[in-house]
Each structure stands twice: as C-alpha cells, then as structure tokens.
Amino acid sequence: MLESKAPEAVTALDELSEESSDPFRVLISTILSHRTRDANTTRASRQLFSVYATPQSLAEANPEEIERLIKPVGFYRVKSRKIREVAAVLLDRFGGRVPERMEDLLSLPSVGRKTANCVLVYGFGQPAIPVDTHVHRIMNRLGFVSTKKPEETESQLTNMLDRRYWLELNDLLVRFGQEICKPIGPRCPECDLLKHCPYGRARISGTDGSATR
Ligand code: SF4
C-alpha cells in the first residue's frame, strides 16, 4: 500500500548507492547526511568523492579542502574532521577497508547503529534495518511499535519483520516520511494507510487535539 503513494523523489543514500555501492562512500555519505537535506548530502558527496574517493586520500587530505568540498551539508567543519578521522582509523585498523561486521562498524568514530545499518544495507546489501527519525516516527504512529528510542524500534522491527523486507524498508519509509507522513503536518486525509493508523485516525477526528494542523 505504501508503494501506491510512494513519491518520485529518491533518497540521497539510495541515489548515491546507485552510482556506487562502495561501502566507503556509503559510510562517508551517511555521516555527511546527519541533519542535512538529501539534495545537499548528494551534492557534497559527489564533490568530495570527485577528489577523495578512498580512505587513504581522505585521511591525507587538507581539512580546509574537505570543508570546501562538503560545505553544502550542515556542520561541515565538524564533519570534515570526523570523516577524516574515520578514514584514518580505516587505514590504521582495517587495512583501508570498511569492515562488514556490525561490532567493527560500531567501533569506528562517529558511527552509531543507524549509520552502521546503512552501510550494511546500502554498501554490502546485507539485510538490516537502519532506523532514522522517519522510520522511528512512522512505525510508532502506525502502532507497529511503541518505543521511545530508535534503537528500541530497530530491535522490535527485526524481531517482528521477515528478513526479506529489511533491505527496502528504510528507503521506502524515508520517502514516505518526506512526502506523506511528515514530522509536522502529515497528509493523513490522502494517506492509504489512514484506516490502519491509530495516530492518523485520532488526528483526523481531533481526539489528539491537532485536527486543525
Ligand atoms: Fe502517517 Fe497520517 Fe498516514 Fe498515519 S495516516 S501513516 S500519521 S500520514
């Protein structure tokens, strides 16, 4: 049902991984994407990888040059330092390759579960569920889970969902969350899932106090 309303827009990670599923690029793009619009993540990633496409070249890059290339993303100065540090750790501890095991990914600086899961899905094609704010919000609104933290949502979803759905779930829900089930002002009246959605029904009926939003 989600597919009938899926918008044309493609998420940054989906678009970038179509161009290259190199796990290193996926890792760096995911770090760049934090608190940043998709279009800016895509632009910054393309600019960066046109000059620094390997851990070695990025680790040796001039930080100010990295800043210039990734300037479209939010917090570009901090992220410049972070991605350079990640590249250096990959060289130092993993032979210049992105590790494929969750525990190794989580040992990298600036890498939490969402980023690690993105690398597994978009870089290695492994079934995993990256839970970002969209996935967390939508699954709670629909009542699939009742959780406070994305980590809890990931844990519940991996227990309840067949693995064959894991790979595509993030991309599907991120797009759905950007276009229909927005953080503020979700488009409930035109949503195919309304009749299955406790949050949407309460909102439409005004019992959540937001009928006018
Ligand atoms: Fe989101 Fe509203 Fe659809 Fe529920 S009905 S999934 S809250 S857009």
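Details of the structure are given in the entry above.
Thresholds applied
Residues numbered from 1 in each chain as written. Predicted model: local features only at pLDDT ≥ 70, side-chain atom pairs only at ≥ 80, totals over all residues. Heavy atoms only, no water. Near = heavy atom within 4 Å. Nonpolar A, V, L, I, M, F, W, Y, C, P; charged D, E, K, R; others polar. Helix = DSSP H or I, 4+ residues; strand = E, 2+ residues; numbered from the N terminus. Polar contact = N/O pair within 3.5 Å; in protein donor to acceptor, adjacent residues only side chain to side chain. Contact = heavy atoms within 4.5 Å.

## What to know about the site of the ligand
In the vicinity of the ligand, the residues found are Arg141, Leu142, Phe176, Ile180, Cys181, Pro186, Cys188, Cys191, Leu194, Cys197, Tyr199 and Gly200. Tallied by class, the residues present in the shell around the ligand amount to 10 nonpolar, one polar and one charged.

## Comments concerning the side chain of His134
Looking at the secondary structure, you find His134 in helix α10 (residues 133-141). A polar contact is formed between the side chain of His134 and the side chain of Arg137, at a distance of 2.8 Å. Apart from residues lying up to four places away in sequence, His134 is in contact with Leu173, Val174, Gly177 and Gln178.

## So, unusual backbone geometry
Look at Arg35: it is not a glycine, yet its phi comes out positive at around 55°. Relative to the assigned elements, Arg35 resides in the loop between α3 (23-33) and α4 (38-49). Non-glycine residue Ser110 carries a positive phi angle of around 70°. Positionally, Ser110 belongs in the loop between α8 (102-106) and α9 (113-124).

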